Amino acid sequence: MLSSTDFTSASWELVVRVDHPNEEQQKDVTLRVSGDLHVGGVMLKLVEQINISQDWSDFALWWEQKHCWLLKTHWTLDKYGVQADAKLLFTPQHKMLRLRLPNLKMVRLRVSFSAVVFKAVSDICKILNIRRSEELSLLKPSGDYFKKKKKKDKNNKEPIIEDVLNLESSPTASGSSVSPGLYSKTMTPIYDPINGTPVSSTMTWFSDSPLTEQNCSILAFSQPPESPEALADMYQPRSLVDKAKLNAGWLDSSRSLMEQGIQEDEQLLLRFKYYSFFDLNPKYDAVRINQLYEQARWAILLEEIDCTEEEMLIFAALQYHISKLSLSAETQDFTSESEVDEIEAALSNLEVTLEGGKADSLLEDITDIPKLADNLKLFRPKKLLLKAFKQYWFVFKDTSIAYFKNKELEQGEPVEKLNLRGCEVVPDVNVAGRKFGIKLLIPVADGMNEMYLRCDHENQYAQWMAACMLASKGKTMADSSYQPEVLNILSFLRMKNRNSASQVASSLENMDMNPECFVSPRCAKKHKSKQLAARILEAHQNVAQMPLVEAKLRFIQAWQSLPEFGLTYYLVRFKGSKKDDILGVSYNRLIKIDAATGIPVTTWRFTNIKQWNVNWETRQVVIEFDQNVFTAFTCLSADCKIVHEYIGGYIFLSTRSKDQNETLDEDLFHKLTGGQD
């Protein structure tokens, strides 16, 4: 038995600052504790001494000097290393946070500041009714994000009051488990797959969710387009280095918001971080599809991704169409019964899904693998040579392409045979100029082999392009996705087709469009307003009959078909190099890009990675590939942990399958991305 004097000598005073929710100033409370007292006991003593009757269940201790939460309440102070000089804060774990969504709408909701960001984002997405939360994350905006807005504010005497969607009453406020919002685990359709409105049977769930009828409309429907002036005032990256700066602010998914210095009521961006969109389904994903469409739309308008003028006009036509349909859809009564049962039945048979980063099954139709054989023109770039195409007889089988001098020599040795598994496939198309080309970048040990194929017409191009795209992923034309891919490519080409000017002329007279709202500021400067409107309306004729959700999915598909889609850029210095380079990270590969010219130098596929790690002392990422190929680099535009997490995150997403019932192996995610093991 210890005497009272012995106990007193082993104890010491601990000062804890209490974050009272109803008082402006924090108050210090002094406790007498001993090193063998567990954290739960400290909190109990603290509440007893404060002597205020309220729910303290969401409060926890935050250690300011060590920048960590003391969440293991069974651990003793000695085990944590807490001594008398420790500055502890007794504060709620859930705090208000302002989130800028991809559609630029601001929402304010209560978020866990003690859970790791991966879990916090999962809870946020459940409130907002966005499935597949692992594809999203939180981005701290850089100074450039606000740069132009500040200039504008100097000229405005009156401050702009922003309409914020307040979801403060969200279920996370008390720290309880989050309601699934409108999403049903029984997989009952909750949205009309044609116009994206909640079906009447799900409207009763709104009472239990912060997503009221009006709020769901704000999140699931496209907002009115910004004015050209507002568009011009937004920050637009002009170079790959500028684009690299935008990606420096991704938060660490393995640490909490508080540990990363995020303050209460701070503004963060909620964005799709990983460009691997799994199982997009209009029946459940109206909010997810709309926010994805909005992120794609702003990437096009602010030129975060490059596209041709022809493609810009297609995106503009789809935006104009979606904007018109969204306005009409918002005026309809949500609870009205759908009168398109036949269409809905047809859509239920046609699962509208966009492919993620991994094939659903590796077992293909093994009866007879189809082959393509036709005359195509070939060009292999060499120095000091003009771009002259030469015709050969091409045969495409399995994942390989071979070419011969003519058809009669097909049974003999080919001029060359190339395996396209892991290659880059880039469209080289100008529909108006009847140019249907395919650019192939085939990885070799010391860089990339470049070759161009030229097709004669749309159908030939669609078949060969689809075959090349599947082969790059290791699939053959026997795969079930081949024919849909051919139809997708043909559909996209038809959208690029010019229509007769007579319909456009009549539409111009009744025009209710500000064309500069739908294209990038740089594109708008090249054309007069009427000329631009005419070209957008011309492109619009090809999409005028599309339902709302299909138009958004078509926009996303067109975005995915751009050569630069899915590339996230970082400024790096490769080991042994004397100059800076750009590293592009995609869902299936890493690309070394010359920072000055923007030309790809080398591609490494994730499938060839044996292992990767980070030297935390030198902040260097080291990657080992097959055939004893190594590369190492330091990150200059961001913390190396961000790039490390990107690689591990994409590899994690490639393990998803539809039979998982949406349960994720969170431990595997942290093992692949945490960089601690």
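Before reading further, recall that the structure is shown in the block above.
To start, this report covers the structure provided alongside it. Quick caveat: nothing in here was measured; it's all calculated off a predicted structure.

### Some words on the overall build of the protein chain
Phase 1: Within the protein chain, the secondary structure is distributed over 19 helices and 24 strands.
Phase 2: Classification of the 677 residues of the protein chain by burial places 52% in the buried group.
Phase 3: Within the protein chain, counting contacts between residues at least 6 apart in sequence, those at least 24 apart form 64% of the total.
Phase 4: Of the roughly 32,600 Å² of accessible surface on the protein chain, 50% is carried by carbon and sulfur atoms.

### So, the side chain of Asp252
Phase 1: Relative to the elements of secondary structure, Asp252 occurs in the loop between helix H8 (240–246) and strand S10 (267–272).
Phase 2: A polar contact is formed between the side chain of Asp252 and the backbone nitrogen of Ser254, at a distance of 2.9 Å.
Phase 3: Reaching out from Asp252, the side chain makes a polar contact with the side chain of Lys641 at a distance of 3.0 Å.
Phase 4: Setting aside anything within four residues of it in sequence, one finds Asp252 in contact with Val117, Gln260, Lys641 and Glu645.

### Regarding the sheet that holds strand S21 (residues 600–605)
Phase 1: Overall, antiparallel pairing links the 7 strands, which are arranged S21-S20-S19-S18-S24-S23-S22 in an open sheet. Of all the strands in the sheet, just S21 and strand S22 (609–615) have a single pairing partner and so form its edges. Sheet twist, expressed as the mean angle between neighbouring strand axes with direction ignored, is 30°.
Phase 2: Contacting strand S18 (568–574), strand S19 (581–585), strand S20 (589–593), S22, strand S23 (620–625) and strand S24 (629–635), helix H18 (residues 640–653) runs over the sheet at an angle of about 155° to S22.

### Comments concerning the environment of Met96
Phase 1: Tracing the chain through its elements places Met96 in strand S6 (residues 94–100).
Phase 2: For Met96, a relative accessible area of 3% corresponds to the buried category.
Phase 3: Each C-alpha atom of the pair Met96 and Ser112 lies 8.8 Å from the other, and the pair is 16 residues apart in sequence.
Phase 4: Residues within four places of Met96 in sequence aside, it is in contact with Arg108, Leu109, Arg110, Phe113, Asn166, Glu168, Glu264 and Asp265.

Parameters at a glance
- Residues numbered from 1 in each chain as written.
- Predicted model: local features only at pLDDT ≥ 70, side-chain atom pairs only at ≥ 80, totals over all residues.
- Heavy atoms only, no water.
- Helix = DSSP H or I, 4+ residues; strand = E, 2+ residues; numbered from the N terminus.
- Buried < 20%, exposed > 50% of the residue type's maximum accessible area, 1.4 Å probe, protein only.
- Contact = heavy atoms within 4.5 Å.
- Areas by Shrake-Rupley, 256 points an atom, 1.4 Å probe, with all protein chains shown as cover.
- Polar contact = N/O pair within 3.5 Å; in protein donor to acceptor, adjacent residues only side chain to side chain.
- Pairing = 2+ DSSP bridges.
- Axes fitted to C-alpha atoms, helices over the stretch in contact; angles between N-to-C directions.

In short, the description is geometric, and any link to function would need to be established separately.
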